[in-house]
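Per-entry structural report
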Amino acid sequence: MLNVGYACIALGVPGTQLKTCRLSNASYNTLVSLTAHNLGALEAMLNYNIREGIRLFRISSDIIPFASHPDIHFPWRENFASQFKKLGDLIRSSGIRVSMHPGQYTLLNAKDAGVTERSIVDIRYHASLLEALGTDKTNKIVLHIGGVYGDKAASIQRFKSHFLELNTDIRRRIVIENDDRHYHIGDVLDIAAALGIPAVFDNLHHQLNRCGGTDAYWINACRPTWDSRQKVHYSQQARDKKPGAHSDTIDIQEFMDFYNSLSSRDLDIMLEVKDKNISAIKCMLCTDSNKNMTKLELE
DNA sequence: CCGCGTCAAGTTCAT
DNA sequence: ATGAACTTGACGCGG
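What you see is a predicted model; the values in this text were computed from it and never measured.

Turning our eyes to something else, we now look at the protein's contact with DNA strand C. With respect to spatial proximity, the complete set of residues near DNA strand C consists of Q17, K19, T20, C21, R22, N25, Q104, Y105, K242 and K274. Within 4 Å of the protein, the contacting atoms of DNA strand C are 66% sugar and phosphate, with bases supplying the remainder. Q17 places a polar side-chain atom, nitrogen or oxygen, 2.9 Å from a phosphate oxygen of DNA strand C. The side chain of N25 places a nitrogen or oxygen atom 2.3 Å from a phosphate oxygen of DNA strand C. When grouped by side-chain class, the residues that make up the surface near DNA strand C number two nonpolar, four polar and four charged.

Next comes the structure, spelled out in structure tokens:
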């Protein structure tokens, strides 16, 4: 069965807007109130997903403001334990698969020990949030490999050794994705094989940072790395914008060409597109993934 | 109250 | 060597 999902925010749904603040205003009381608000917004997004039959969703890293900032120590997990339990029950009972994706400044393979340490703290925060929600290890954290630092082989080696320093519970959540500049899907698959972790194929990154082969070829190549339902990232180039810029909406013809090229439709497709849930629903309607079984599977 | 400059993070690339 | 870009909306200050 095909699942289509979207990332972090739901457009046009009341009560789902996340809030944040400037570091200079991040007092204890501000953090408590923003976190309470954001957990309510997350609940509204989950309920919306349930209403619409959306079973794949990326939780924003910004749910807990400055959660992994070195100067801020706010016991969010303890303070909101009952709220996390409620949200976790909602996720599990509805069968929504969630994920998280740390930002561009989280670099597990950094040369600087301080940068690496802060990145590990950030990865721990993401894992902790998924744990607080009581989700199992099929609910993943997506990482890129990171920087090159003038020596790709050494930087890949640093990624591997820093990864192996993480504890097992965190390692089992990590999946790695090709990026649009430095580490193409071939690199990522090699690293994934060496570490025994899943590889996420991103079609737009592959378009910008190629290593031969069609989307379908590489999706098939990534498939055996998964310990659970395979997931890919799908996006389209925004016309008239810089290479890599995500489109405002999904061009459905282009999406259907991609969909029809797949060898297997037993797949989770995370859309990265500006109109978020709108395009997710559009793609679901066009692929019958809003039903329990596709026509293909019924034949 | 509105408008717009600025924002926590690190690497890479352009100037 | 210095600074913008990345990606982005929203915060929040100044007028």
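On inspection of all chains with the given rule, the structure shows zero disulfides. Free cysteine: C8, not disulfide-bonded; nearest cysteine sulfur from C283 at 17 Å. For the unlinked cysteine C222, the closest cysteine sulfur is that of C211, found at 9.6 Å.

As a further point, take the pattern of salt bridges. Tallying each qualifying case throughout the model produces 12 salt bridges. Linked through salt bridges whose partners overlap, the residues forming this network are R97, R229, D266 and D268.

Turning to the protein's contact with DNA strand B, a few remarks are in order. Around DNA strand B, 14 residues are found, and the nearest of them are R22, Y105, R118, V148 and Y149. Here DNA strand B approaches the protein such that, of its atoms within 4 Å, sugar and phosphate make up 54%. Within the side chain of R118, a nitrogen or oxygen atom sits 2.9 Å from a phosphate oxygen of DNA strand B. Within the backbone of Y149, an N or O atom sits 3.0 Å from a phosphate oxygen of DNA strand B. Looking at the surface near DNA strand B residue by residue, the classes come out as eight nonpolar, three polar and three charged.

I176, I269 and L271 are the most contacted members of the largest nonpolar core, which totals 77 residues. Those residues in contact with L271, other than ones at most four positions away along the chain, are V4, G5, Y6, A7, Y234, I250, F255, S279, A280 and C283.

To continue, consider a nonpolar patch on the surface. On the surface, a nonpolar cluster with roughly 230 Å² of combined accessible area is contributed by I9, L11 and I278. As for its position among the elements, I278 is in helix α11 (residues 276-287). A relative accessible area of 44% means that I278 is categorised as partly exposed.

Take the packing of helix α5 (residues 152-165) against helix α7 (residues 185-195) next. The geometry of α5 relative to α7 is characterised by a closest axis approach of 11 Å and an angle of 35° between their N-to-C directions. Where α5 crosses over α7, the two elements pack in a sense that is right-handed. Contacts between α5 and α7 involve K152, I156, F159, K160, F163 and L164 from the first element and D187, I191, A194 and L195 from the second. Here the residues of the contact of α5 with α7 are counted per class, giving seven nonpolar, no polar and three charged.

Here we take up the layout of surface pockets. Here the largest pocket is characterised by a volume of approximately 1,400 Å³. Taken together, 47 residues line the largest pocket, and the ones lying closest to its centre are P102, G103, Q104, Y105 and T106. Every element with two or more residues in the lining of the largest pocket is listed here: α4 (113-132) and β4 (141-143). For the lining of the largest pocket, a count of residues per class yields 20 nonpolar, 17 polar and 10 charged. Empty space within the second largest pocket amounts to approximately 200 Å³. Along its surface, the second largest pocket is lined by 17 residues, and A67, S68, W76, V121 and Y125 are the ones closest to its centre.

Cut-offs and rules
- Residues numbered from 1 in each chain as written.
- Chains lettered and ligands numbered in written order.
- Predicted model: local features only at pLDDT ≥ 70, side-chain atom pairs only at ≥ 80, totals over all residues.
- Heavy atoms only, no water.
- Near = heavy atom within 4 Å.
- Polar contact = N/O pair within 3.5 Å; in protein donor to acceptor, adjacent residues only side chain to side chain.
- Nonpolar A, V, L, I, M, F, W, Y, C, P; charged D, E, K, R; others polar.
- Disulfide = S-S within 2.5 Å.
- Salt bridge = Lys/Arg side-chain N within 4 Å of Asp/Glu carboxyl O.
- Core = buried A, V, L, I, M, F, W, Y, C linked by side-chain atoms within 4.5 Å.
- Buried < 20%, exposed > 50% of the residue type's maximum accessible area, 1.4 Å probe, protein only.
- Contact = heavy atoms within 4.5 Å.
- Patch = residues over 30% accessible without salt bridge, like charges linked within 9 Å, V, L, I, M, F, W, Y side chains within 5 Å.
- Areas by Shrake-Rupley, 256 points an atom, 1.4 Å probe, with all protein chains shown as cover.
- Helix = DSSP H or I, 4+ residues; strand = E, 2+ residues; numbered from the N terminus.
- Axes fitted to C-alpha atoms, helices over the stretch in contact; angles between N-to-C directions.
- Left-handed = near helix turned anticlockwise from the far one by under 90°.
- 1 Å grid on protein atoms, 1.4 Å probe; cavity = no way out; pocket = protein on both sides within 12 Å on 5 of 7 lines; lining within 4 Å.
- Points joined across faces, edges and corners; volume = space filled by probe spheres on them.

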